[in-house]
Amino acid sequence: MLAFIGGTGLTRLEGFEILNEKLVDTPYGQPSAAVLEVGHSEHPQRSAFFLARHGHPHGIAPHAVNYRANIWALKEMGATAVIGVNAVGSVDPSLHPTDLVLPDQLIDYTWGRASTFSTDSAVEHIDFSWPYTASLIEQIVSAAKSSGIQVRQGGVYAATQGPRLETAAEIRRLANDGCTLVGMTGMPEAALAREAGLEYASLCLVVNPAAGVKAEGAPDREITMADIEQAVLDGMSNVRQLIATLVGE
Ligand code: HPA
């Protein structure tokens, strides 16, 4: 069964009915919110899980999210595949706010986060060469095609610590490293999903050109929360439509 972890701008799935709601207790403490089982009126016999990464209402900073509890809770509820929805800045100047991207690689620049289910004495070295599940990406691409929604396939997600945005030099470094997107919540979520044996993909919504990046044809300007919020508002309806299609498949 499919689960969605909603990021900034997606703390509730409007248009979906909540069929069940469970606050799961985990060995790592409480997840960000109750796990919702949701259904869509267009597909009454199908359901999926939904969890608000930053809590509902939005209140948990990226570095303070209990990623282990979130993944554990979804696994315990019976999820087999997780799609993380992430608001991101674009490092690649050919990307624009409201674009949707499915990265196929990531680089982890976060630090100090509880990032594994392994313990000091029980270690599992997961293969993480390809951090996102190719078949799940294909499923999203095909749902996007059938919904007439454009998604770009491929990209390198830079997971930064936040909560501040980056300096222009930091973004230049990420670009030199080969990153095309930057966000604060992609890790350790992806690695924990792999450790838990869950399929995982990240659906990224571009909400701003990253620091110092001038999107092609756009003026050079400071990143404001107002611009980010507008892009979230403009882009999230496609994300919701895509989720509805995926739930119905
Ligand atoms: N940097 C890091 N995380 C982000 C950004 C950004 O520019 N935009 C949205 N999440």
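Above this text you will find the structure in question.
Computed from a predicted model, the values in this text were never measured in an experiment.

1. A short note on the nonpolar core
And step 1. With 70 residues, the main nonpolar core has Phe-4, Leu-74, Leu-242 and Ile-243 as its most contacted residues.
And step 2. Sort the elements by how many residues they give to this core and helix H5 (residues 225-248) lands first, with 10 residues.
And step 3. Sequence-distant contacts of Leu-74, that is, excluding residues within four places in its chain, are made with Ala-3, Ile-5, Val-35, Phe-49, Leu-51, Ala-79 and Val-82.
And step 4. Membership of the second largest hydrophobic core comes to 11 residues, among which are Tyr-109, Ala-158, Ala-210 and Val-213.

2. Some points on the packing of aromatic side chains
And step 1. Counted according to the given criterion, the structure contains four aromatic pairs.
And step 2. Aromatic side chains Tyr-28 and Trp-72 sit 5.5 Å apart centroid to centroid with 70 degrees between the ring planes, which places their arrangement in the edge-to-face category. Taken together, the residues span a long stretch of sequence, with Tyr-28 in the loop between strand E2 (16-22) and strand E3 (35-40) and Trp-72 in helix H1 (residues 67-77) at a distance of 44 residues.
And step 3. Residue Tyr-28 is classed as partly exposed on the basis of its relative accessible area, which comes to 24%.
And step 4. Its relative accessible area of 31% is what places Trp-72 among the partly exposed residues.
And step 5. Three or more aromatic residues joined by ring pairs form one cluster here, namely Tyr-28, Trp-72 and Phe-117.

3. Comments concerning the environment of Thr-80
And step 1. Position of Thr-80 among the secondary structure elements: in the loop between H1 and strand E5 (81-90).
And step 2. Its relative accessible area of 45% is what places Thr-80 among the partly exposed residues.
And step 3. C-alpha separation for the pair Thr-80 and Thr-160, spaced 80 residues apart in sequence, amounts to 27 Å.
And step 4. Discounting residues that sit within four places of it in the chain, Thr-80 has contacts with Met-1, Leu-198 and Glu-199.
And step 5. At 2.7 Å, the side chain of Thr-80 forms a polar contact with the backbone nitrogen of Met-1.

4. Concerning the environment of Gly-183
And step 1. Looking at the secondary structure, you find Gly-183 in strand E10 (residues 181-183).
And step 2. Gly-183 sits in the buried class, given a relative accessible area of 5%.
And step 3. Dropping the residues within four chain positions of it, Gly-183 is found in contact with Ala-87, Val-88, Tyr-157, Ala-158, Ala-159 and Thr-160.

5. Here's the deal with the site of the ligand
And step 1. If you check the shell around the ligand, you find Ala-87, Val-88, Gly-89, Thr-160, Leu-165, Glu-166, Val-182, Gly-183, Met-184, Val-207 and Asn-208 and nothing else.
And step 2. A distance of 3.4 Å separates a nitrogen atom of the ligand from a polar atom in the backbone of Ala-87.
And step 3. Considering the ligand on its own, with 260 Å² of exposed area, one finds that the protein chains cover 92% of that surface.
And step 4. Elements that contribute at least two residues to the shell around the ligand include exactly E5, E10 and strand E11 (199-209).
And step 5. Ranked by residue count, the leading element in the shell around the ligand is E5, at three residues.
And step 6. Grouping the constituent residues of the shell around the ligand by class yields six nonpolar, four polar and one charged.

6. Concerning the pattern of salt bridges
Once their charged atoms are close, side chains differing in charge can pair, the charge on each being opposite to the other.
And step 1. This model, assessed by the stated rule, comprises four salt bridges.
And step 2. Measuring nitrogen to oxygen at the nearest pair gives 2.8 Å for the salt bridge that ties Arg-53 to Glu-189. Of this pair, Arg-53 sits in the loop between strand E4 (43-52) and H1 while Glu-189 sits in helix H4 (residues 189-195), placing them 136 residues apart in sequence. The two residues Arg-53 and Glu-189 agree in class, both being buried.
And step 3. The residue Arg-164 makes a salt bridge to Glu-170 at a minimum N-O spacing of 2.9 Å.
And step 4. By relative accessible area, Glu-170 is classed as partly exposed at 29%.

7. Some points on the pairing of E4
And step 1. Most of E4 is tucked away, with seven of its 10 residues classed as buried.
And step 2. Across four bridges, strand E1 (residues 2-6) lies against E4 in parallel orientation. By the bridge assignment for E4, Ala-3 is matched with Phe-49.
And step 3. In the sheet, E3 pairs with E4 via five bridges, with the strands oriented antiparallel. Bridging across to E4, Glu-37 finds its partner in Phe-49.
And step 4. Counting the residues in the hairpin turn of E3 and E4 gives two residues.

Rules behind the numbers
Along every chain, residues carry numbers that run from 1 in the direction the sequence is written. Owing to the predicted nature of the model, reporting of local features is limited to residues with pLDDT of at least 70; listing and counting of side-chain atom pairs is limited to 80 or more, with chain, interface and lining totals taken over all residues. By convention in this description, side-chain values take in all heavy atoms of the structure and omit both hydrogens and water. By nonpolar core we mean a set of buried residues, namely Ala, Val, Leu, Ile, Met, Phe, Trp, Tyr and Cys, connected to one another through side-chain atoms within 4.5 Å. To sort residues, take the accessible area from a 1.4 Å probe on protein chains only and compare it with the maximum for the residue type: under 20% means buried, over 50% means exposed, and anything in between is partly exposed. Helical segments are the DSSP runs of H or I of at least four residues, strand segments are the runs of E of at least two, and each set is numbered from the N terminus. Two residues form a contact once any of their heavy atoms are found within 4.5 Å. Here a pair means two rings of Phe, Tyr or Trp (six-membered ring of Trp) with centres within 6.5 Å. Their orientation is stacked below 30 degrees between planes, edge-to-face above 60, and tilted elsewhere. Definition of a polar contact: a pair of N or O atoms within 3.5 Å, with one able to donate and the other able to accept a hydrogen when the atoms are protein atoms, and with sequence-neighbouring residues admitted only if both atoms are side-chain atoms. The near set for a molecule or strand comprises every residue that places at least one heavy atom within 4 Å of it. Shrake-Rupley sampling with a 1.4 Å probe provides the accessible areas, and residues are treated as covered by the protein chains on show and by no other component. In the scheme used here, Gly and all other residues not listed as nonpolar or charged are polar, with Ala, Val, Leu, Ile, Met, Phe, Trp, Tyr, Cys and Pro taken as nonpolar and Asp, Glu, Lys and Arg as charged. Any Lys or Arg side-chain nitrogen found within 4 Å of a carboxyl oxygen on Asp or Glu counts as a salt bridge. The rule for pairing is simple: two strands pair if DSSP sees at least two bridges between them.

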